[in-house]
Amino acid sequence: MFGGVIGLVAVGVSLIWGIMDLINFAYGEYLMWAMYLTFFLWATLGLEPILSAPINAVVLFVAGVVTYRFVIRAVLRGPIFAQMLSTFGLLVLLRYVAWLLFRPDDRQAQSVLATSVLTVGGLRVSGGELVAFAGSLLATSVLFAFLKCTKTGKALRALAQDREAAVALGIDADRLYALAWGLSTAAAGVAGGLVSSFMYVNPLVGDVFLLPAFAAVALGGFGNVYGAVGGGLVIGVVNVTGGTLTVPKVKLALVYLVFLGVLFLRPKGLWGR
Amino acid sequence: MLLTVDDVHASYGRFDVLRGITLGVAAGEIVAVLGPNGAGKSTLLKTIAGFLAPRRGTIRLGGEQVGGLRPRALLDKGVTYVMQRSSIFGKLTILENLELGAYIRPWTSEVMQDIERVLLLFPRLAERRHQRAEGLSGGERRMLEIGRALLLNPKLLLLDEPTMGLAPLVMDLIFEKVLELRAAGTTVLMVEQNARLALEVSDRAYVLEQGQTRIEGRGQELLASDAVRRAYLGGAR
């Protein structure tokens, strides 16, 4: 179930990577802020955490566009290190503003779904995790359909491949970069809403998602948004089976062991070309 | 004249590439730009297409000053540009590549009709319209790029070395298509290394050297000129 969410997060990371050749180190922090948004929507309005996913998507979309307009655009023409450091700076800023405002305490919205247990094919699954998995697949499918079928989605894919050629056809790279940031952070917003029913939020929670998502992106083939989903599912399976077959504390180490093994055999990832 | 370039200077950083280019293209003409490597041919097309701002001089389209406008503004005025290097989107299908040629137009049934018209012009693309463009040969890629540029019904088509790296038979096919375009009313300004073929199909031509216009004349006249033959056509008639 975790793999589906990691797949969605990996797609968000991969979208920016694929279109702009830029690694967004702050991605996990957007997810963390989305989880706080979900928590406060529950705490103040009593909104079921899953239902905050669309609200998060809209708020985080705007946050992504604002980030692009005021931070990323300025460093885009700079050296690659300036671009990487800018997203790393964002990570520090977003994390410690949250720390300052919310303290490092764990918080969790109470969800009806989290306490329900469903039996699927003989397996007992938490309702919250099942809905998070299904929601992640749905959000990923909507994003893929947008990229595959719409004029703007095709333009984004063209921009990812050849910026100058895209501009020669009248594609507005600046506007689409802003859109890509918005879509990417909106995916983090959805993921934040989906996991909040069964996960605590604290200012460091972004790391739980970001590192496996980077591994998923690398497994799927750098910048390949479709491969990122597959990478996420592989990570999820290794995470769960590794934790069950060994001891839970080493499951993340197993994820990275598989990740290193795959990259050793296929440096461009499982679906990279 | 549809296009008038007057005393245009352009540079990459401190390095002057165009040092006073003057030329004109009348509506319905094919005009070739020839010259040795480094003469500024591709830079001239990039400057007209809006990818490089002229440092001095004027570029007029139908009498209107367009020098320094951005590529999108020039597309809106009917100037499309096929760059020298391959510029297809390999992971998109041939059909998607063509659709993006009409990106700035509303995607209506009229666009789909225009795409069908382009596919009629290039039947080899029509057969493979749903395949990824990365599987196309060099000549087919060129056809796709030219076809894509036609979807804006350009007033002026800028072609940068349309036959570079192609087999002789494919070169002939590309020039045949350029002639068909002229017959359909498209004006073409073309940079070409294959001087002989370019002069055979063009109405007029300019020879550039070191960023300046050196020779100007009708295609057939230049083909017969001793100076041009010695310098660019390998001497023999």
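Residues numbered from 1 in each chain as written. Chains lettered and ligands numbered in written order. Predicted model: local features only at pLDDT ≥ 70, side-chain atom pairs only at ≥ 80, totals over all residues. Heavy atoms only, no water.

As for the sheet that holds strand 4 (residues 56-61) of chain B
Residue and element names in this part refer to chain B. The criterion, for reference: Pairs of strands are assigned from DSSP output, requiring at least two bridges between the strands. The helix and strand labels rest on DSSP assignments: H or I over at least four residues marks a helix, E over at least two residues marks a strand, and numbering proceeds from the N terminus. Whether two residues touch is decided by their heavy atoms; if any such pair falls within 4.5 Å, the residues are in contact. Each axis is a line fitted through C-alpha atoms, and for a helix only the stretch in contact is used; angles between axes span 0 to 180 degrees, taken between their N-to-C directions.
With respect to topology, four strands assemble into an open sheet ordered 2-1-4-5, the strand pairing being antiparallel. A single partner strand is all that each edge strand has here, and the edge strands are strand 2 (15-25) and strand 5 (64-65). Two strands pair when backbone bridges link them, and strand 1 (residues 3-12) and strand 2 are joined in this way by eight bridges, in the antiparallel orientation. When the bridges of strand 2 are listed, S11 appears paired with D16. Each of strand 1, strand 2 and strand 4 is contacted by helix 1 (residues 41-49), which is oriented at about 110° to strand 1, the strand it contacts most.

Some points on the packing of aromatic side chains
The relation between two aromatic rings is expressed through the spacing of the ring centres and the mutual angle of the planes. Residues and elements named next belong to chain A. Put simply, the rule reads: When two rings of Phe, Tyr or Trp (its six-membered ring) have centres within 6.5 Å they constitute a pair, described as stacked for plane angles under 30 degrees, edge-to-face for angles over 60, and tilted for the intermediate range. Think of it in three bands: residues with accessible area under 20% of the maximum for their type are buried, residues over 50% are exposed, and the middle band is partly exposed, with areas taken using a 1.4 Å probe on protein chains only.
All told, the structure shown has 12 aromatic pairs over all chains when counted by the stated rule. For the pair W33 and F102, a centre-to-centre distance of 5.5 Å together with 65° between the ring planes defines the contact as edge-to-face. A residue pair is termed long-range when its members are at least 10 positions apart, and W33 in helix 2 (residues 27-45) and F102 in helix 4 (residues 80-102) qualify at 69 residues. Residue class for W33 comes out partly exposed when judged on its relative accessible area of 25%. For the pair F39 and W42, a centre-to-centre distance of 5.8 Å together with 45° between the ring planes defines the contact as tilted. Of this pair, F39 and W42 are both found in helix 2, three residues apart, which corresponds to roughly one turn of the helix.

A few points about empty space enclosed by the protein
If a probe the size of a water molecule is rolled over the atoms, the empty space left behind becomes visible. Where we set the bar: Think of a 1 Å grid over just the protein atoms. A cavity is a set of points where a 1.4 Å probe fits yet cannot get out, a pocket is an open set with protein on both sides within 12 Å along at least five of seven lines, and lining residues have an atom within 4 Å of a point. Grid points are joined across faces, edges and corners, and a volume is the space filled by probe spheres set on the points. Asp, Glu, Lys and Arg are counted as charged, while Ala, Val, Leu, Ile, Met, Phe, Trp, Tyr, Cys and Pro are counted as nonpolar; the rest, among them Gly, fall into the polar class.
All told, the structure shown has two cavities of 30 Å³ or more when counted by the stated rule. The calculated volume of the largest cavity comes to roughly 100 Å³. At the level of elements, helix 8 (163-168) of chain A together with strand 6 (79-82) and helix 6 (138-150) of chain B are the ones that each hand at least two residues to the lining of the largest cavity. Looking at the lining of the largest cavity, its residues break down into nine nonpolar, two polar and two charged. Taken as a whole, the second largest cavity encloses approximately 40 Å³ of empty space. Taken together, A:A168, B:A49, B:F51, B:P71, B:L74, B:L75, B:V79, B:T80 and B:Y81 make up the full set of residues lining the second largest cavity. Of all the secondary-structure elements, those providing two or more residues to the lining of the second largest cavity are helix 2 (71-76) and strand 6 of chain B.

Some words on helix 4 of chain A
Residues and elements named next belong to chain A. As a reminder of what qualifies: Here the expected span of a helix is defined as 1.5 Å times the quantity of residues minus one.
Over its 23 residues, helix 4 extends 33 Å from the first C-alpha to the last, a length consistent with the 33 Å expected when each residue adds 1.5 Å. Every buried residue of helix 4 is accounted for by Q83, S86, T87, L90, L91, L94, R95, A98 and F102. Residues of helix 4 that are buried sit in contact with helix 2, helix 3 (53-75), helix 9 (173-195) and helix 10 (206-220). Positive phi shows up at R103, right after helix 4, with a value of about 65°.

Looking at the nonpolar core
For clarity, the threshold we go by: Nonpolar core, defined: a set of buried Ala, Val, Leu, Ile, Met, Phe, Trp, Tyr and Cys residues in which side-chain atoms within 4.5 Å join the residues together.
Counting 89 residues, the largest nonpolar core has A:M20, A:F209 and B:L100 as its most contacted members. For this core, the element with the highest residue contribution is helix 9 of chain A, accounting for 15 residues.

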